[in-house]
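Structure at a glance
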Amino acid sequence: MAAGFKIAEPLEYHRSFLKENCRPDGRELSEFRTTTLNIGSISTADGSALVKVGNTTVMCGIKVELTNPLVEAPGKGFIVPNVDLPPLCSSRFRPGPPGEQAQAASQFIADVIESSEVIQTEDLCIERGKLCWVLYCDMMCVDYDGNVLDACIIALLAALKNTKLPEVTINKDTGAPEVNLEKRKGLNIHKHPVGASFCVFDDSILIVDPTAEEEGLSTSHLTVVTDEKERLCVVHKPGGTPLSAEKLQECIGRATARQREIQKLVDKVIHSVKTAQ
Amino acid sequence: MMEVCGSMNVSLREFGCEQTLLSRPDGSASFVQVSKEIYDRATLEVLIQPKVGLPRAIPGAVCERDLRGVSAPDPPPPLLPHPAPGLLPERSLHGPDGRRPAMSCLFCGVTCAINADSEIITDPTAAQEKESRALMTFAIDSKEQRVMMSYTKGSFSVHELQQCIAVSQKASENIFQFYRDSVRRRYSKNL
């Protein structure tokens, strides 16, 4: 009976729960889903992480390569993020070139990396004007159940913390780079950006960490990315119902609390991987 | 609405608007801001649908996103979006006979930059944007001055965000007054 109502009138179904200040999966309006993290599971990647936020699962793999820096920025390396939403994660995505949502997500992650300064691109320079590292960060969604942006940011942060760069020396005679894959050093992570996504229902009710159904029925989305110094890196609201400055402030408060929780989780997992090695 | 402290000077460069310059599109507008830089004459054809909730767009195309958020109970025939920097989209939503589709509110965009000295500059020039440590663009609605759209670059504190929103709300009053004046001028010619 409830299943039929859910399919026939999804908005009314959700409204009936929101009236009681809860959601169909039993969460409160400001409660995040259970987040689990696994680091270093892909042995062929230089850094990797698997994140599950409820059912939403994102895998991040980082590969490092050598390249020449740009003439305009001879002392800087590159970080190239890419978010992939393949057909396997949800029936809404069709095979073929990246869709609008995947492209928008990739650009969003690029903005987060730039605005938060999670890694200084100067740290990726090996020899000024000649050689630098490029980090290819691929985030693939394996199960899409809403809030893929938050999961991508956590996966990226954890994978970056897991990444180790091989030692590179320049041969003085030939000028060619020599890479020592046995000797590796971790990346210098300056900031720990973590995102919190919200959506607005019926122009008034604010809920945290929406599922795919809730995202589809909402009238507006908002993602706030903060770092450990409580500075805002990104306030991303792509249109929809307007929000007052007070409601924005509430969201920022919730995002700051989330940042602390996730940073603790990432540090705990990294520490357990180190002690296991 | 947030309080703006007295020491903040909210100023926008001079701007003007011309409508119905093109004959083929159903509506057209040209926006000019007095500076050495941009004068874009472009058509904006906009898609209005009752549905909302779309992925992020580049700032130039933000008008498409905001219009989709403003519900129109009787959607007119669909039009196509073309991003055009500095264009005020709803200015062009006049049909050939001057009728407009129903909109729940008007909106405007305001950009603020925070420079290295932590000063807030509204409507920054390209040079000021480049030197800024943070850049924020907000779309403010005309009914209650709430934030419809937000795009930010660089990092900033919560206090700075709230100040920029307050400054944008204040600047939006100038722009909404401009809308009222231009509509008044447009219809007074027809009498």
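Labelled according to an unreviewed UniProt entry, chain B appears under the name Exoribonuclease phosphorolytic domain-containing protein, originating from Dissostichus mawsoni. The UniProt entry for chain B carries this comment under Subcellular location (unreviewed entry): "Nucleus".

For chain A, the name recorded in an unreviewed UniProt entry is Ribosomal RNA-processing protein 43, with Dissostichus mawsoni as its organism. Annotation of chain A in UniProt includes, under Sequence similarities (unreviewed entry), the sentence "Belongs to the RNase PH family."

**Remarks on the UniProt feature "domain: Exoribonuclease phosphorolytic" (unreviewed entry) in chain B**
Within this structure's numbering, the places UniProt gives as "domain: Exoribonuclease phosphorolytic" (unreviewed entry) are residues 106–170 of chain B. Between the end C-alpha atoms of residues 106–170 of chain B the distance is 15 Å, and the span holds 29% helix and 42% strand.

**Focus on the UniProt feature "domain: Exoribonuclease phosphorolytic" (unreviewed entry) in chain A**
All names here are of chain A. UniProt's entry tags residues 31–166 and 193–256 with the feature "domain: Exoribonuclease phosphorolytic" (unreviewed entry), counted in the numbering of this structure. As a span, residues 31–166 carries 24% helix and 37% strand, and end to end its C-alpha atoms are 41 Å apart. Regarding residues 193–256, the helix share stands at 28% and the strand share at 38%, and the terminal C-alpha atoms are separated by 10 Å.

**Concerning the packing of aromatic side chains**
With the rule as written, the count across this model stands at 4 aromatic pairs over all chains. Plain terms: the ring middles of F93 of chain A and Y144 of chain A are 5.3 Å apart, the flat faces sit at 85 degrees to each other, and that makes the pair edge-to-face. Taken together, the residues span a long stretch of sequence, with F93 of chain A in the loop between β4 (78–84) and α3 (100–116) and Y144 of chain A in the loop between β6 (131–143) and α4 (148–162) at a distance of 51 residues. Each member of the pair F93 of chain A and Y144 of chain A is classed as buried. Each member of the aromatic cluster is reached from another via a ring pair, and the members are F5, Y13 and F17 of chain A. When the ring centre of F32 of chain A is taken as origin, the NZ or CZ atom of R258 of chain A, which lies over that ring, is 3.9 Å away. For the cation-ring pair, R186 of chain B lies above Y187 of chain B, with the distance from its terminal atom to the ring centre recorded as 5.6 Å.

**Structural notes on helix α2 (residues 10–18) of chain A**
Residue and element names in this part refer to chain A. Looking at α2, one finds that the buried residues are Y13, H14 and L18. All buried residues of α2 project into a common sector of 135 degrees when viewed along the axis, lining one side. For α2, the elements touching its buried residues are α1 (2–8), β9 (194–201), β10 (205–208) and α5 (212–217).

**As for the environment of A196 of chain A**
As for its position among the elements, A196 of chain A is in strand β9. A sequence separation of 142 residues divides A196 of chain A from G54 of chain A, and the C-alpha atoms of the two residues are 14 Å apart.

Procedures and definitions
- Residues numbered from 1 in each chain as written.
- Chains lettered and ligands numbered in written order.
- Predicted model: local features only at pLDDT ≥ 70, side-chain atom pairs only at ≥ 80, totals over all residues.
- Heavy atoms only, no water.
- UniProt positions renumbered as here; feature names shortened; annotations may be inferred.
- Helix = DSSP H or I, 4+ residues; strand = E, 2+ residues; numbered from the N terminus.
- Phe/Tyr/Trp six-rings, centres within 6.5 Å; stacked < 30°, edge-to-face > 60°.
- Buried < 20%, exposed > 50% of the residue type's maximum accessible area, 1.4 Å probe, protein only.
- Lys NZ or Arg CZ within 6 Å of the ring centre and 35° of its normal.
- Arc of directions from axis to C-beta.
- Contact = heavy atoms within 4.5 Å.

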